[in-house]
Amino acid sequence: MTFAEPLQLLALLFVLPLLWWLSQPSRPRTATLTPHLAQWQAALAALRRRPPRLARLRFLLLAVAAAGAVAAFSGPSLRGRPGAERLVVVLDGSASMGARGADGRSAWQRAQAALRAGFERLPVELPVTLLRAGGSLRRRHGASARALLDLGAPSGGLDADLGALARKIGDVTGAAVWTLTDGQGAAALPVVGARTVLRASGPNAAVLSVVCDDRWPLPELELAVEIAAWTDAAATAQIVIEGALVAPVERAVAFAPGVRRRETFAVTRAGSGGPLVVRIALPGDVLAGDDAWRAALPPLPAPRIAVLADAEAGPYANVAAAALAEEVGGLVVAATDKAAVGVVLVDGGEAPLAAGAVRAITFGTRLS
């Protein structure tokens, strides 16, 4: 232990003798001579009265209290131990960090605000390393870490074990660890180092997957959309499909909490192509990052349609080719070995068509 003002301890040289003197019993102001001294002494002995004297326990307590007060004024402090020589921050960057709290800010925004406030209190010369765990893994050092440079947006899952990562960093000599997470998706919260948990709970709906059945060369599409909602009770969400379609499609879907559903939609794609968006809307949804699925549809080509028919075939294949070309804005061309076509209509006979080589519609045809 050390003292900031050790000279203050010299006050004990004056305080303790003063307390000793003040603790002494006071002497009688006057002394009266009497021939009955022996009777007074016998009476005191019979009553078991003791003459006034020093109260040793009281003086001891006063001395200890005075010594403690003087020591406190001297500024005592324990000798410091060697601390961490650098700080490692583990920041959860998974998609769940985008969930908004009661204040309207996401856990990701609140984590960055906490980091900025914490970095302001750190010595400038202390090295800082920031590790983003979850989503796109990133590492920043020094000034880049303090400025939270290019951390991106929360996305993806939390593949790292934050508890094990904090323990591993804590085992490094001279390193302190600070973990910031919302606690979602983690096997266990870290117990080593500092920990900031940014809770953001509430209802959430998500588009889990979309399977597309393309009916090309026709413009129809069939979309199988897998969706789920996590709520406290049954809820209704709105599914909207828009973008590169002739007309957008909407449907209200009722959900049981945490139960996956698969909804099928028949839509008609626009010939010009463009972005296709499948979006789910749930009242009070706290996480917007998983509400939409997006894809880019190319423009519908004007297919070149060829017809193969044997000598006994009627005009049906040619009529079908003409109707199809009119429907998709295509062109009927002659079937030759050098012709590049998008779809072939084959009527009767035997055709040397290899699987996957060309789109074909056959009528009573045997494939060689």
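As a convention, each chain's residues are numbered from 1 in the sequence order in which they are written. Predicted model: local features are reported for residues with pLDDT of at least 70 only, side-chain atom pairs are reported and counted for 80 or more only, and whole-chain, interface and lining totals are derived from all residues. The side-chain values count all of the structure's non-hydrogen atoms but skip hydrogen atoms and water molecules.

Moving on to the sheet that holds strand β12 (residues 261-268). What makes two strands pair is DSSP finding at least two bridges between them. The helix and strand labels rest on DSSP assignments: H or I over at least four residues marks a helix, E over at least two residues marks a strand, and numbering proceeds from the N terminus. Spatially, three strands are ordered β8-β9-β12 in an open sheet, and the strand pairing comes out antiparallel. Two strands close off the open sheet at either side, each with one partner strand: β8 (204-214) and β12. Direction aside, the axes of adjacent strands within the sheet are offset by 25° on average. Here 10 bridges tie β8 to strand β9 (residues 220-230), and the two strands are oriented antiparallel to one another. Residue pairing for β9: valine 211 is matched across the bridge by alanine 224. For helices, the fitted line uses only the C-alpha atoms of the stretch in contact; every axis is such a line through C-alpha atoms, and the angle between N-to-C directions lies from 0 to 180 degrees.

Turning our attention to the side chain of aspartate 347. You can see aspartate 347 is positioned in strand β17 (residues 343-347). Arginine 366 provides the closest opposite charge to the buried, unpaired aspartate 347, separated from it by 14 Å. Note on contacts: a residue pair is in contact if any heavy atoms of the two residues lie within 4.5 Å. Among residues more than four places away in sequence, those in contact with aspartate 347 are Leu308, Ala309, Asp310, Ala313, Gly314, Ala317, Phe363 and Thr365. Exposed residues in this analysis have more than 50% of their type's maximum accessible area, buried residues have under 20%, and partly exposed residues fall in between, with area computed by a 1.4 Å probe over protein chains only. Residues counted as positive are Lys and Arg, residues counted as negative are Asp and Glu, and His and the chain ends are not counted. Any Lys or Arg side-chain nitrogen located within 4 Å of an Asp or Glu carboxyl oxygen qualifies as a salt bridge.

Moving on, we come to the nonpolar core. Burial of nonpolar side chains together is a common tendency in soluble globular proteins. Counting 23 residues, the largest nonpolar core has Leu223, Val225, Ile227 and Ile280 as the members making the most contacts within it. Broken down by element, the residue count for this core peaks at five residues, all from β9. Other than its neighbours up to four places away in sequence, isoleucine 280 contacts Ala205, Ala206, Val207, Ile227, Ala237, Gln238, Ile239, Phe255 and Asp291. Judged by nonpolar contacts, the second largest core, of 18 residues, contains Trp108, Leu130, Leu148 and Leu180. Residues belong to one nonpolar core when they are buried, are Ala, Val, Leu, Ile, Met, Phe, Trp, Tyr or Cys, and are joined through side-chain atoms within 4.5 Å.

Don't take any of this as a statement about function, it's just geometry.
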